[in-house]
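An overview of the molecular structure
Residue strings, one per chain:
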Amino acid sequence: MELVATTVGLFPLPDAQRERLADLKGHQKSDLIDGDEPADVTAAYDAARERLVAAQRDAGLDSIVEGQARWDDMLAHPLCVHENVRTEGIVRYYDNNNFYREPVVEGPLTESGDLAADLRTATHLTDDLQGVVPGPYSLAELATDDHYGDDADFLAAVADFLAGEVAAFPDETETVFLLEPSLVFDAPDDETHERVRDAVGTVVDAADADVVVHTYWGALGEKLHAHLLDTDLDALGYDLVTAHDESAYLVQEYGTADSVSLGLVDGQNTLVEDPDTVRERIEWFRDSVPVSDFDTVYATPNTELFYLPVNKFEAKLHALAEGVAVEEAQP
């Protein structure tokens, strides 16, 4: 079994770059479509990316994300920067004190290349590159459709759009994390499960990399869990911070993929776990499920980390990497 210390991305913006972007007169960074930023704005993003990649390397993570410093609208970002999407008022991001601009889709969701461009820049910073993408169901739930006119057609269109984005990822991308918190937070009804399965499968099949479908803020419903396992995903994620018993039950009763992603540190709490807590949670999960000889266990925070102050974010990375190292050292 290979243990991989990594994250689900979406990091807090480093203080120096946050201040620099605020100083750029008239600039609201999420108002600009990729490629339209002035040179000084692009330079601030590049500096933030370098700082975020360096923080991961310094912590000892095994798989490195580019940090998503440009994602002011969080998981809604790929739509908010699309030429056929209108952004409207501020909407609460799930059930917390973070907000995003509501993306309203007004035309065809053609490939934009926005995510791939950021990853291409990151290929010069690390050899262990991991992409981060919102899942099709979550992205569709965060958006409003003013073009397709049918929920099923809209979900399929979002999936096709994301598949195009993922297919354009640079060859150096070794892993892709597909983030699907809405599958738990705003779960689809039973009649929608097959459409969700097909949408996730569309994105999974487009990736020339290992794909991890990661959910959080609770556990998947039993039927939906089974439907996701019908796709060709390489790993399925479980939030052991908020739903450890429920997650273990799903694997006990229904099995899982050959690999798993385990949310081991709390991405929303400033209390920093010690490495032993990380190790104990890995061991608890392996002891609780019938088949524990997974190909890979991705050890991650349970959620995005943009909720945290920068110093706490960096401390969480160190705790995660050190906990994995301690577990790997066990006889």
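Residues numbered from 1 in each chain as written. Predicted model: local features only at pLDDT ≥ 70, side-chain atom pairs only at ≥ 80, totals over all residues. Heavy atoms only, no water.

1. Focus on the overall build of the protein chain
The test is simple: Helix and strand assignments follow DSSP, with helices taken as H or I runs no shorter than four residues and strands as E runs no shorter than two, numbered in order from the N terminus. Our radius of gyration looks at C-alpha atoms and nothing else; its globule reference is 2.2 Å times the residue count to the power 0.38. When a residue's accessible area, from a 1.4 Å probe over protein chains only, is under 20% of the maximum for its type it is buried; when over 50% it is exposed; and in between it is partly exposed. For this analysis, residues touch if any pair of their heavy atoms sits within 4.5 Å. We get accessible surface area from the Shrake-Rupley algorithm with a probe of 1.4 Å; when it comes to residues, only the shown protein chains can shield them. The positive count covers Lys and Arg only, the negative count covers Asp and Glu only, and His and the chain ends enter neither. Working definition for charges: the position is that of NZ of Lys, CZ of Arg, CG of Asp or CD of Glu.
The number of helices and strands found in the protein chain is 12 helices and 10 strands. Against the compact-globule benchmark of 20 Å for 331 residues, the protein chain has a radius of gyration of 19 Å, which places it among compact chains. Summarising its shape, the C-alpha atoms of the protein chain cover approximately 55 × 45 × 35 Å along the three principal directions. Taken over 331 residues, the protein chain has a buried fraction of 56%. Considering only contacts within the protein chain whose residues lie at least 6 apart along the sequence, 78% involve residues at least 24 apart. By element, 41% of the accessible surface of the protein chain is carried by carbon and sulfur atoms, the whole surface being about 13300 Å². Charge separation in the protein chain, taken as the distance between the mean sites of 20 positive and 70 negative side-chain charges, equals 8 Å.

2. Section: a negative patch on the surface
Rules: Within this analysis, patches are made of residues with over 30% relative accessible area and no salt bridge. Like charges are joined at 9 Å or less; nonpolar side chains (Val, Leu, Ile, Met, Phe, Trp, Tyr) at 5 Å or less. A pairing counts as a salt bridge when a side-chain nitrogen of Lys or Arg comes within 4 Å of a carboxyl oxygen of Asp or Glu.
A cluster of acidic residues, Glu-2, Asp-62, Asp-127, Asp-128, Asp-171, Glu-172, Glu-174, Asp-208, Asp-210 and Glu-328, forms a negative patch at the surface. The residue Glu-328 is located in helix α12 (residues 310-328) in this model.

3. Brief notes about the side chain of Thr-175
Along the chain, Thr-175 falls in strand β6 (residues 173-179). Contact partners of Thr-175, with chain neighbours within four places excluded, come to Ser-63, Leu-129, Gln-130, Gly-131, Ala-209, Asp-210, Val-212 and Tyr-298.

4. Considering α12
Inclusion rule: Here the expected length of a helix is defined as 1.5 Å per residue gap, with one fewer gap than residues.
In this model α12 runs 27 Å from its N-terminal to its C-terminal C-alpha over 19 residues, within 8% of the 27 Å that 1.5 Å per residue would give. Of the residues making up α12, those classed as buried are Val-310, Phe-313, Lys-316, Leu-317, Ala-319, Leu-320, Ala-321, Gly-323, Val-324 and Glu-327.

5. Observations concerning the pattern of salt bridges
What the rule picks out here adds up to 16 salt bridges. A salt bridge links Arg-49 to Asp-46, with the nearest nitrogen and oxygen atoms 3.0 Å apart. Of this pair, Arg-49 and Asp-46 both sit in helix α2 (residues 39-59), three residues apart, which is roughly one turn of that helix. The class of Arg-49 is buried, set by a relative accessible area of 4%.

6. Regarding the packing of helix α6 (residues 151-167) against helix α8 (residues 193-206)
Here is the rule: The angle between two axes is taken between their N-to-C directions and runs from 0 to 180 degrees, where each axis is a line fitted to C-alpha atoms and a helix contributes only its stretch in contact. What sets the label is the angle itself: under 35 degrees gives roughly parallel, over 145 gives roughly antiparallel, 65 to 115 gives roughly perpendicular, and the rest give oblique. Should the near helix be turned counterclockwise from the far one by less than a right angle, the crossing is left-handed, whereas a clockwise turn marks it as right-handed. In this classification, Asp, Glu, Lys and Arg are treated as charged, Ala, Val, Leu, Ile, Met, Phe, Trp, Tyr, Cys and Pro as nonpolar, and every other residue, Gly included, as polar.
The interhelical angle for the contact between α6 and α8, taken along N-to-C directions, is 15°, at an axis separation of 7 Å. Comparing their axes, α8 and α6 come out roughly parallel. Relative to α8, the crossing made by α6 is right-handed. Contacts between α6 and α8 involve Ala-152, Leu-155, Ala-159, Asp-160, Leu-162, Ala-163, Val-166 and Ala-167 on the former and, on the latter, Arg-195, Val-196, Ala-199, Thr-202, Val-203 and Ala-206. Taken together, the residues of the contact of α6 with α8 break down into 11 nonpolar, one polar and two charged.

7. What to know about the sheet that holds strand β2 (residues 85-92)
What counts here: DSSP-based pairing: two strands are paired if at least 2 bridges between them are found.
Spatially, three strands are ordered β2-β3-β5 in an open sheet, and the strand pairing comes out mixed. Unpaired on one side and paired on the other, β2 and β5 (144-145) mark the two borders of the sheet. As paired strands, strand β3 (residues 99-105) and β5 are joined by two bridges and run parallel to one another. When the sheet's bridge partners are listed, Val-104 is paired in β5 with Thr-144.

8. Overview of empty space enclosed by the protein
Where we set the bar: Computed over the protein atoms alone on a 1 Å grid, cavities are sets of points where a 1.4 Å probe fits but cannot get out and pockets are open sets with protein on both sides within 12 Å along at least five of seven lines; a residue lines them when it has an atom within 4 Å of a point. Grid points are joined across faces, edges and corners, and a volume is the space filled by probe spheres set on the points.
Applying the stated criterion across every chain, the model contains one cavity of 30 Å³ or more. As a volume, the largest cavity reaches approximately 40 Å³. Around the largest cavity, the lining residues are Glu-66, Gln-68, Trp-71, Leu-115, Asp-118, Leu-119 and Val-132. Tallied by class, the residues present in the lining of the largest cavity amount to four nonpolar, one polar and two charged.

9. Quick look at α2
This is how the line gets drawn: Here, the arc refers to the directions that run from the helix axis to the C-beta atoms.
In this model, α2 (21 residues) spans 30 Å end to end at C-alpha, consistent with the 30 Å of a helix rising 1.5 Å per residue. Every buried residue belonging to α2 is among Val-41, Ala-44, Tyr-45, Ala-48, Arg-49, Leu-52, Val-53, Ala-55, Gln-56 and Ala-59, and all of these are buried. On an axial view of α2, the arc spanned by its buried residues comes to 165°, and they lie on one face. Away from the buried face of α2 by more than 90 degrees, exposed residues Ala-39 and Asp-58 are located. Phi for Gly-60, located one or two positions after α2, is positive at around 95°.

10. Things to note about the pairing of strand β7 (residues 210-214)
Basically, it comes down to this: By convention a crossover is right-handed if, when the strands point away from the viewer, the path from the first strand over the helix to the second runs clockwise.
Counting buried positions along β7 gives four out of five residues, so the element sits mostly inside the fold. With five bridges connecting them, β6 and β7 associate as parallel partners. Looking across to β7, one finds that Leu-179 is bridged to His-214. Bridging between β7 and strand β8 (residues 235-239) involves two bridges; their strand directions are parallel. Paired with Val-213 across the bridge in β8 is Leu-236. Between β7 and its parallel partner β8, the chain crosses via helix α9 (residues 222-229), and the hand of that crossover is right-handed.

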